[in-house]
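Coordinate analysis (summary)
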Amino acid sequence: FYTSRILAPFVNEAGHMVAEGVAIDRLDKALKKAGFPVGPITLLDEVGIDVGTKIAPILAESFGERMLPPKLFSKLEQDDRKGKKNKRGFYLYSKSSKKGPKEVDQSIYSLLGVTPSNNLPDERIVERCLLQMVNESVLCLQEGILSSPRDGDIGAIFGLGFPPFLGGPFRYVDSVGAKAIVEKLEGLATQYGERFKPASRLVEMAESGDTFY
């Protein structure tokens, strides 16, 4: 449950950026370059857009609106886009050749009513997705879903492919500093909304100077 829970806001944030006009392939490439094994939009195609659509309201009912993808993503379900399973998703699956990177299905942009012209820097793309996952991990710890930061780091690395060189969400907080993480989250919350509100445990650590390890 932990890995599913921290993956949801990570993928949702990628969805918000697509809705803002960030190109799908740019977004996936930025996260792969940052150390994730697969980009969030590619992952959504692989798992199934329909699966994500069914899970999101259930998660939102339990954990709040931060778990909801952008509203315009409802158009994907209406257009019967399930992803790889029915060869109708964010990427094209009609080619018989598997060589080279997949191409984005350009019709997805007109369906969603967005233009892929947002040149959001790669660092910002990574920061928004990564901090959503990190913040949700801390929420899981403070709510007792995790018994220790070590469990959270091991689960994120081996269960989700969190970049191993970052040490996991909790090691990452310790290396960057809780104060810096909180400042980044608060800045993002001001710009993008409540879904970036920092976990109370992080705020306390920022004030006290505590670490997870």
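These numbers come from a predicted model, not from an experiment. Residue numbers here run from 1 along each chain, matching the order of that chain's written sequence. Where local features are concerned, this predicted model is filtered to residues with pLDDT of at least 70; where side-chain atom pairs are given and counted, the filter is 80 or more; whole-chain, interface and lining totals use all residues. To get the side-chain values, take all heavy atoms of the structure and skip hydrogens and water.

So, the environment of Pro198
Let me state the cut-off plainly: The way it works is that DSSP assigns letters per residue, a run of H or I at least four long becomes a helix, a run of E at least two long becomes a strand, and they are numbered from the N terminus. To sort residues, take the accessible area from a 1.4 Å probe on protein chains only and compare it with the maximum for the residue type: under 20% means buried, over 50% means exposed, and anything in between is partly exposed. Throughout, a contact is declared for two residues whenever any of their heavy atoms are within 4.5 Å.
Here Pro198 is to be found in the loop between α10 (178-192) and α11 (200-208). When its relative accessible area of 13% is taken as the criterion, Pro198 is described as buried. Placed 154 residues apart in sequence, Pro198 and Leu44 show a C-alpha to C-alpha distance of 25 Å. Excluding anything up to four places from it in sequence, Pro198 contacts Asn135, Val182, Leu185, Glu186 and Val203.

A word on the packing of helix α8 (residues 149-160) against helix α9 (residues 169-176)
If you want to describe how two helices pack, look at the angle between their axes and the distance between the axes. To keep things clear, this is the line we draw: The axes used here are C-alpha line fits, helices contributing only the stretch in contact, and every angle between their N-to-C directions lies in the interval 0 to 180 degrees. Just so you know how the angles are binned, under 35 degrees is roughly parallel, over 145 roughly antiparallel, 65 to 115 roughly perpendicular, and the rest oblique. Residues are grouped as follows: Ala, Val, Leu, Ile, Met, Phe, Trp, Tyr, Cys and Pro are nonpolar; Asp, Glu, Lys and Arg are charged; every other residue, Gly included, is polar.
Where α8 meets α9, the axes come as close as 6 Å, and the angle between the chain directions of the two elements is 110°. Classified by the angle between their axes, α8 and α9 sit roughly perpendicular to one another. Packed against α8, whose contacting residues are Pro149, Gly152, Asp153 and Ala156, the element α9 presents Pro169, Phe170 and Arg171 at the interface. Its residues assigned to classes, the contact of α8 with α9 shows four nonpolar, one polar and two charged.

Topic: helix α4 (residues 49-63)
Helical periodicity: at 3.6 residues per turn, an α-helix aligns residues three or four positions apart in one direction. Heads up, the rule is: One less than the number of residues in a helix, times 1.5 Å, gives the span that helix is expected to have.
Along its 15 residues, α4 runs 20 Å from first to last C-alpha, staying within 8% of the 21 Å computed at 1.5 Å per residue. All of the buried residues along α4 are Ile49, Asp50, Ala56, Leu59 and Ala60. Buried residues along α4 sit against α1 (2-19), α3 (40-47) and α5 (74-78). A positive backbone phi angle near 100° is found at Gly64, which sits one or two residues after α4.

Here's the deal with the nonpolar core
Note the following rule: Put simply, buried Ala, Val, Leu, Ile, Met, Phe, Trp, Tyr and Cys residues joined by side-chain atoms within 4.5 Å make one nonpolar core.
Ile24, Leu27, Ile41, Phe90, Ile108, Ile125 and Phe162 are the most contacted members of the largest nonpolar core, which totals 58 residues. Looking at this core element by element, the count peaks at 11 residues for helix α7 (residues 122-142). Among residues more than four places away in sequence, those in contact with Leu27 are Ala14, Met17, Val18, Val22, Pro40, Ile41 and Ile125.

Quick look at the packing of aromatic side chains
What counts is decided by this rule: Any two rings among Phe, Tyr and Trp, with Trp reduced to its six-membered ring, count as a pair given centres within 6.5 Å; such a pair is stacked if its planes are under 30 degrees apart, edge-to-face if over 60, and tilted if neither.
Counted according to the given criterion, the structure contains five aromatic pairs. On the numbers, 6.0 Å between centres and 75° between planes, the contact of Phe36 with Phe162 is edge-to-face. With Phe36 in the loop between α2 (24-33) and α3 and Phe162 in the loop between α8 and α9, this residue pair connects regions lying 126 residues apart in the sequence. Given a relative accessible area of 0%, Phe162 falls into the buried group. An angle of 85° between the planes, with centres 4.9 Å apart, marks the rings of Phe170 and Phe212 as edge-to-face. Of this pair, Phe170 sits in helix α9 while Phe212 is found in the segment after α11, placing the two residues 42 residues apart along the sequence. Comparing Phe170 with Phe212, the two get one shared label, buried.

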